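# Structure at a glance
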Amino acid sequence: MADQIDEVMGLCALCGPDDGQTKVLRQSHFLPKSVYRYLNLSKAENTKLLLRTSKKNRVFSLGKQITHALLCDTCEGIMSAGGEDYYAKMMLRVDVKNELPSPAYKILFESLMPLWKAPGNGYRPNMILSIGSNSLKVIDSRQLYHFVIGMFWKSTFDDWDHCSVMPLEASLIEAMRKFLLGGDSLAGYIVRIVPSLWRAKYGVVFPVLLQKQPFFSIQQFDFYLEKDKRQFKRAISMDAVPLFYTIDLMRSESTFQGMSGIYKNAEQTKSAEETQLSWPAE
Ligand SMILES: [Zn+2]
């Protein structure tokens, strides 16, 4: 029935463990709705997920939006206002008409590239340049951190079609939940954002463990959760969000190639549906 209202009642995954109350659950999106919206701006007809390498505009299908009754209204709001909206505005929104990158991409490119390329710095392809969130105050890293932790946390639920479950320790998942509700950042961990400054990527890789590290990628940015007590302590001692922006050509490239390899393997073993990666066949 077109006018039928489906209401799913249940325990909200975010606030439910604390208050134990049954609430109306919303059809939560695994990827923020805005990701679909922006990817759709440049999609080919009848496709959703895009991945484009260099000048070959190859496009792959993602299928329908992945949703699941996970969160109550209030918690949907916490996820949006906590980071998803800011992420969409800063990292996702590309000015297609004027061929301009997202605001965050532009900021990172303009502030990191000159440092990386400075003559005194050597400019070797294997040079890694990392800066802490407090060195880049023009970006609200706290909101990006919330978004990234939110993505990893959601990926630990097994109810999403086509997504494999991120196998994280229960204590870490609980720390993520507490943080999302306004608690402390994850002790001993940092989030690393690696912009792809050399490859044009227009696609999505759902959260997976990549060399034992939680990872996902949307368009020009790769996101990692890394165990790093030292960097975590350093960030916290400076009252900074434990999030780092890193230029790492080798990692960027090997991630790109690695993801390409994962896809090829997945295709061969017919598990592509499970991993939901799309990548061009060479
Ligand atoms: Zn809730």
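Relevant structure appears above.
For the structure given in this document, a descriptive report is provided here. Worth saying up front: this structure is predicted, and the values here are computed from it rather than measured. (Residues numbered from 1 in each chain as written. Predicted model: local features only at pLDDT ≥ 70, side-chain atom pairs only at ≥ 80, totals over all residues. Heavy atoms only, no water.)

## A few points about the pattern of salt bridges
- Summed over all chains, the structure comprises 11 salt bridges.
- Ionic pairing is found between Arg177 and Glu174, a salt bridge with its closest N-O pair at 2.9 Å. With Arg177 and Glu174 both in helix α6 (residues 170-180) and 3 residues apart, the pair spans about one turn of that helix.
- Here the salt bridges share partners, and the residues they tie into one network are Asp18, Glu174, Arg177 and Lys178. (Salt bridge = Lys/Arg side-chain N within 4 Å of Asp/Glu carboxyl O. Helix = DSSP H or I, 4+ residues; strand = E, 2+ residues; numbered from the N terminus.)

## Examining the coordination of the zinc ion
- The coordination sphere of the zinc ion, as far as protein atoms go, consists of Cys12 (SG), Cys15 (SG), Cys72 (SG) and Cys75 (SG), spread over 2.3 Å.
- Angles of 105 to 115° at the metal separate the 4 donor atoms of the zinc ion, which places the site in the tetrahedral class.
- Along the chain, the residues donating to the zinc ion fall in the pattern C-x2-C-x56-C-x2-C. With Cys12 in the loop between β1 (8-11) and α1 (16-19) and Cys75 in helix α3 (residues 73-92), the pair connects residues that are 63 residues apart, well separated along the chain. In this pair, the class of Cys12 matches that of Cys75, namely buried. (Donors = N, O, S within 2.8 Å, 3.2 Å for Na, K, Ca; no water. Tetrahedral: all angles 85-135°; square planar, octahedral: opposite > 155°, others 65-115°. Buried < 20%, exposed > 50% of the residue type's maximum accessible area, 1.4 Å probe, protein only.)

## A short note on the packing of aromatic side chains
- For the coordinates displayed, the defined rule picks out 12 aromatic pairs.
- For the pair Phe147 and Phe216, a centre-to-centre distance of 6.1 Å together with 80° between the ring planes defines the contact as edge-to-face. Taken as a pair, Phe147 in helix α5 (residues 141-154) and Phe216 in strand β7 (residues 213-218) lie far apart in primary sequence, 69 residues in all. The burial state of Phe147 is the same as that of Phe216; both residues are buried.
- The interplanar angle of 70° and the centroid separation of 5.2 Å between the aromatic rings of Phe152 and Phe216 together place this pair among those described as edge-to-face. Residue Phe152 is found in helix α5, and its partner Phe216 is found in strand β7; the two are separated by 64 residues along the sequence. (Phe/Tyr/Trp six-rings, centres within 6.5 Å; stacked < 30°, edge-to-face > 60°.)

## Overview of helix α4 (residues 103-117)
- Compared with an ideal rise of 1.5 Å per residue, which puts 15 residues at 21 Å, α4 spans 21 Å between its outermost C-alpha atoms and is within 8% of the ideal.
- Of the residues making up α4, those classed as buried are Ala104, Tyr105, Leu108, Leu112, Met113 and Trp116. (Expected span 1.5 Å × (residues − 1).)

## Here we look at the packing of α3 against α4
- It is the contact of α3 with α4, at a shortest axis distance of 4 Å, that shows an interaxial angle of 55°. Taken together, the axes of α3 and α4 lie oblique to each other. Where α3 approaches α4, its residues Lys89, Met90 and Met91 are matched on the opposing element by Pro103, Ala104, Tyr105 and Ile107.
- When the residues that make up the contact of α3 with α4 are grouped by side-chain class, the tally is 6 nonpolar, no polar and 1 charged. (Axes fitted to C-alpha atoms, helices over the stretch in contact; angles between N-to-C directions. Parallel < 35°, antiparallel > 145°, perpendicular 65-115°, else oblique. Contact = heavy atoms within 4.5 Å. Nonpolar A, V, L, I, M, F, W, Y, C, P; charged D, E, K, R; others polar.)

## So, α6
- Every buried residue of α6 is accounted for by Leu172, Met176, Arg177, Phe179 and Leu180. Along the axis of α6, the buried residues cluster in a sector spanning 165°; they form a single face. Of the exposed residues in α6, the ones pointing more than 90 degrees away from its buried face are Ala170 and Ser171.
- A positive backbone phi angle near 115° is found at Gly182, which sits one or two residues after α6. (Arc of directions from axis to C-beta.)

## Things to note about the sheet that holds β1
- Ordered in space as β1-β2-β3, the 3 strands form an open sheet in which the pairing is antiparallel. This sheet does not close on itself; its edge strands, each paired only once, are β1 and β3 (67-72). Averaged over all pairs of adjacent strands, the angle between strand axes in this sheet comes to 60°, irrespective of strand direction.
- When strand β2 (residues 22-29) meets β3, the two strands line up antiparallel, connected through 5 bridges. Looking at the pairing, Arg26 lines up with Leu71 of β3.
- Those strands touched by α3 are β2 and β3, and its axis lies near 100° from that of β3. (Pairing = 2+ DSSP bridges.)

## Quick look at the packing of α3 against α5
- Where α3 contacts α5, the axes come no closer than 8 Å and their chain directions differ by 110°. By the criterion of interaxial angle, the relationship of α3 to α5 is roughly perpendicular. Relative to α5, α3 is oriented so that their crossing is left-handed. Contacts between α3 and α5 pair Ile78, Met79, Ala81, Gly82, Gly83, Glu84, Tyr86, Tyr87 and Met91 from the former with Gln143, Leu144, His146, Phe147, Gly150, Trp153 and Lys154 from the latter.
- When grouped by side-chain class, the residues that make up the contact of α3 with α5 number 9 nonpolar, 5 polar and 2 charged. (Left-handed = near helix turned anticlockwise from the far one by under 90°.)

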